Amino acid sequence: MTSDVRSPKPVAAQEIELAISGMTCASCANRIERKLNKLDGVTATVNYATEKAKVTFPGDVDPAVLVEQVEAAGYSATLPQPVKPEVVEEDDPSRPLRQRLIGAAVLSVPVIALSMIPALQFTYWQWIALTLAAPVVVWAAWPFHRAAWQNLRHGAATMDTLISMGTLAAFAWSLYALLFGTAGTPGMKHPFELTIERMSGSANIYLEVAAGVTTFILAGRYFEVRSKRRAGAALRALLELGAKEVAVLRDGREERIPVDALKVGDRFVVRPGEKIATDGVIEEGSSAVDASMLTGESVPVEVGPGDAVVGATVNAGGRLLVRATRIGSDTQLAQMAKLVEEAQTGKAAVQRLADRISGVFVPIVIALAVGTLAFWLGAGGSVAAAFTAAVAVLIIACPCALGLATPTALLVGTGRGAQLGILIKGPEVLESTRRIDTIVLDKTGTVTTGQMSLVDVHLAGDAEADEVLRLAGALENASEHPIARAIARGAEDKVGTLPPVEEFVNVEGLGVQGIVDGHAVLVGRTALLEEWSQHLPDDLAAAKSAAEKEGKTAVAVAWDGQARAVLVVADTVKPTSAEAIRKLRELGLTPVLLTGDNEAVARSVAAEVGIDEVTAEVLPKDKVDVVKRLQSEGRVVAMAGDGVNDAAALAQADLGLAMGTGTDVAIEASDLTLVRGDLMAAADAIRLSRRTLRTIKGNLFWAFAYNVAALPLAAAGLLNPMIAGAAMAFSSVFVVSNSLRLRGFRSVTR
């Protein structure tokens with residue numbers, strides 16, 4: 001007898017994105033990630049910057065279990081909500097922090113001044129300081145206390161734990177000294193002397209420490225939250241690109257409706273200059289479509305009946321009748337938005353340096369404080385002396401200078417960057433610049449100008465260049481076609497004012513014709529000239545063919561029955577690009593050229609600027625794949641681009657650099673924005689970022705070094721309050737002075 005034993009069918013994996021709230025630092029993201037990954041078959045990646053968790057889980061697992069797991073770790077999670085057509089303006093999450101910061105700053109300044117300057121210490125100054133400091137420690141520092149309590153419940157300790165314990169310890173001891181010690185007596189002074197002696201501490205208050213640390217750390221958190229809020233702005237900017245209304249053809253009449261009401265199969269009209277409402281196929285009309293916003297291709301695409309067009313591209317020529325084939329989330333624009341979102345969510349968050357150090361430092365300090373208390377009590381010392389030593393350990397370890405270490409360096413570094421046309425979004429960006437070894441450069445708008453220009457004039461027989469430009473430029477000046485505009489601009493630059501045109505005719509898909517200075521002029525494709533029996537001579541035909549092999553656009557010119565010239569139009573390389581590539585190589589980076597244009601154009605541009613590695617003819621989603629492939633090879637990749645088509649790749653890269661002359665979407669998806677739109681700024685940006693990171697690391701080292709050096713004194717019960725105050729003040733002054741050195745950073749171009 002045989003038994004029919006069937007193995008269970010494998011359950012298909014599903015993917016979901018949870019919105020996480022309650023995280024206060026990168027270690028929170030790590031804790032949630034570990035908790036989710038403990039579930040069988042679950043793989044989770046939590047991004048602290050975007051506050052989202054990307055989770056892959058077996059199909060037989062209820063997503064609610066994932067939410068429960070996050071809540072068990074002490075945080076909140078929500079399942080994806082259905083997308084609503086209307087955009088709801090979200091609340092500013094930085095507003096509560098801003099209110100706490102302003103309140104803390106206003107109240108802390110007089111507390112610090114009274115405590116640190118003996119000349120200001122009037123008879124009852126300590127009670128005024130207590131009154132001002134209490135709201136700062138209780139109300140302004142509440143986010144730290146709440147996070148510390150949540151961490152304690154789950155057996156964890158972060159920088160929030162140390163901030164909370166330090167500020168509460170400083171405040172509680174000050175309260176004890178004022179109410180039960182001698183610190184509350186009228187006329188009490190904080191003498192400015194540096195002595196080492198064992199004491200009970202009943203005459204010492206630390207209100208300036210409690211209030212000052214709270215204010216400094218709040219300032220750092222506020223700027224961090226503001227930079228994090230930009231993470232989703234790329235998606236909002238993407239969706240803003242699309243058309244808002246569309247002229248639908250119904251019963252032979254045009255009717256304007258919102259784009260959201262458009263259905264697959266609807267026929268709609270697109271006039272010159274309008275955005276195409278959604279993906280579709282042209283049924284009537286021919287035109288040139290400017291797709292540079294989406295594809296990055298600098299040359300407008302000629303389209304006619306039967307050709308597919310993409311939503312959000314611009315109709316640069318004639319009237320088009322389009323049949324909608326994809327709407328809503330199925331369009332190429334929506335798919336690109338999804339790519340950006342996935343790249344941002346999947347990008348590993350660089351853990352903050354302070355949190356990394358605190359992972360070791362916080363438990364050691366807490367253990368040292370408890371050990372100090374136990375030692376002095378066991379050694380027969382007084383309870384007051386034992387508590388003084390234990391509290392002194394927490395106070396001297398409380399990260400006062402640490403609160404300034406990152407924000408001051410960022411403030412000076414980003415300020416100097418702004419003067420040089422470089423915008424740095426946050427501390428995580430700086431960590432990436434240190435490690436990158438490959439920089440991927442989008443061609444159009446990054447290495448090149450992104451604008452068509454007249455680059456060459458080939459003449460036949462006795463034709464003169466000025467005459468060709470004057471007649472052809474005048475005719476093209478009457479056209480709105482992007483290539484025509486490039487020829488007209490080039491002609492005006494060379495010969496000045498152009499003559500008027502008579503009997504101008506735009507021959508759709510072929511070119512233009514008209515009368516200029518009594519000459520019957522034709523400008524366009526060779527087919528247009530051949531219709532008038534005006535054929536290109538062999539030398540012009542060869543020049544035209546050579547230009548087209550290089551990916552350039554060649555336009556024929558004829559008048560009075562004879563072909564006279566071929567004008568070559570192309571996207572030109574920026575003057576500084578070659579030098580910028582050399583500077584990037586000096587920084588240890590390997591440049592890679594990436595473009596949607598054809599191989600010939602890409603190779604030509606790469607050779608001109610000195611790039612060896614080229615990837616051409618790539619679609620927007622392929623750009624992301626190229627970045628992923630390089631990363632899979634072990635490379636740490638930077639990406640520089642300026643178009644919507646670059647946004648997802650910018651987000652996927654370890655470091656995204658957006659040219660400021662580009663689209664809002666690219667800028668929002670990037671880590672660094674180069675306002676000058678000059679690739680030389682990329683080299684400056686990486687140098688400045690690396691130097692700012694070194695400064696932050698130096699600041700963090702010294703901020704901890706001063707505290708650690710004083711810990712043995714505190715544990716021994718020998719810490720005079722003025723030594724604690726002086727150590728903190730000096731470490732803060734050192735950190736600020738070190739940061740100010742960044743003001744001397746110089747650009748390689750200046």
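If you check an unreviewed UniProt entry, the protein appears there as Cu+-exporting ATPase from Kibdelosporangium banguiense. One UniProt comment on the protein, placed under Subcellular location (unreviewed entry), says "Cell membrane". For the record of the protein, the UniProt heading Sequence similarities (unreviewed entry) holds the text "Belongs to the cation transport ATPase (P-type) (TC 3.A.3) family. Type IB subfamily."

## Side note on the overall build of the protein
In terms of regular secondary structure, the protein is built from 26 helices and 26 strands. Taken across its 750 residues, the protein has 51% of its residues classed as buried. Within the protein, contacts between residues at least 6 apart in sequence are counted, and of these 70% link residues at least 24 apart. A total accessible area of about 32800 Å² is found for the protein, and carbon and sulfur atoms account for 57% of it.

## Regarding the pairing of strand S21 (residues 562-573)
Of all twelve residues in S21, ten are buried, a share of seventy percent or more. Where strand S16 (residues 448-459) meets S21, eight bridges bridge the pair, whose relative direction is antiparallel. Paired with His458 across the strands is Val566, a residue of S21. Examined bridge by bridge, strand S20 (residues 553-559) and S21 share seven bridges and lie antiparallel to one another. Counterpart to Ala556 in the pairing with S21 is Val566.

## Focus on the sheet that holds strand S3 (residues 52-58)
Two pairing modes exist for strands in a sheet, parallel and antiparallel, and in both the strands are linked by backbone hydrogen bonds. If you walk across this open sheet you meet the four strands as S2-S3-S1-S4, and the pairing is antiparallel. Strand pairing shows two members of the sheet lacking a second neighbour, strand S2 (43-47) and strand S4 (76-78), which therefore form its edges. On average, each strand axis in the sheet is inclined to that of its neighbour by 30 degrees, with strand direction left out of account. Across five bridges, S2 lies against S3 in antiparallel orientation. For Val46, the partnering residue across the bridge sits in S3 and is Ala53. Its contacts with the sheet place helix H2 (residues 63-72) against strand S1 (13-21), S3 and S4, and it is angled at close to 35 degrees to S1.

## A closer look at a nonpolar patch on the surface
Among the surface-exposed residues, Leu175, Tyr176, Leu179 and Phe180 lie close enough to one another that they form a single nonpolar patch of about 400 Å² accessible area. Within the secondary structure, Tyr176 sits in helix H6 (residues 159-180).

## Quick word on the pairing of strand S17 (residues 502-507)
Working note: regular strand, side chains alternate between the two faces of the sheet. Bridge analysis of S17 against strand S18 (residues 511-516) gives four bridges, and the strand direction is antiparallel. Among the inter-strand pairings, Glu502 is bridged to a residue of S18, identified as Ile515. Taking the residues that link successive antiparallel strands as the turn, the S17-S18 hairpin has three residues, and the phi of Gly509 there is positive, at about 80 degrees.

## Looking at helix H17 (residues 482-495)
Helix length check: H17, at 14 residues, gives a terminal C-alpha distance of 20 Å against a target of 20 Å (1.5 Å per residue), a fit within 8%. Those residues of H17 lying buried are Ile483, Ala484, Ala486, Ile487, Ala488, Gly490 and Ala491. Elements in contact with the buried residues of H17: S16, helix H16 (465-477), S20 and S21. At the exit of H17 stands Gly496, carrying a positive phi of roughly 85 degrees.

## Structural notes on the pattern of salt bridges
Evaluated as defined, the whole model comprises 23 salt bridges. Between Glu548 and Lys544 there is a salt bridge, and its shortest N-O distance comes to 2.8 Å. In this pair, Glu548 and Lys544 are both assigned in helix H19 (residues 538-549), four residues apart and thus about one turn of the helix distant. For Lys544, a relative accessible area of 15% gives the class buried.

Each value, and the rule that gives it
- Residues numbered from 1 in each chain as written.
- Predicted model: local features only at pLDDT ≥ 70, side-chain atom pairs only at ≥ 80, totals over all residues.
- Heavy atoms only, no water.
- UniProt positions renumbered as here; feature names shortened; annotations may be inferred.
- Helix = DSSP H or I, 4+ residues; strand = E, 2+ residues; numbered from the N terminus.
- Buried < 20%, exposed > 50% of the residue type's maximum accessible area, 1.4 Å probe, protein only.
- Contact = heavy atoms within 4.5 Å.
- Areas by Shrake-Rupley, 256 points an atom, 1.4 Å probe, with all protein chains shown as cover.
- Pairing = 2+ DSSP bridges.
- Axes fitted to C-alpha atoms, helices over the stretch in contact; angles between N-to-C directions.
- Patch = residues over 30% accessible without salt bridge, like charges linked within 9 Å, V, L, I, M, F, W, Y side chains within 5 Å.
- Salt bridge = Lys/Arg side-chain N within 4 Å of Asp/Glu carboxyl O.
- Expected span 1.5 Å × (residues − 1).

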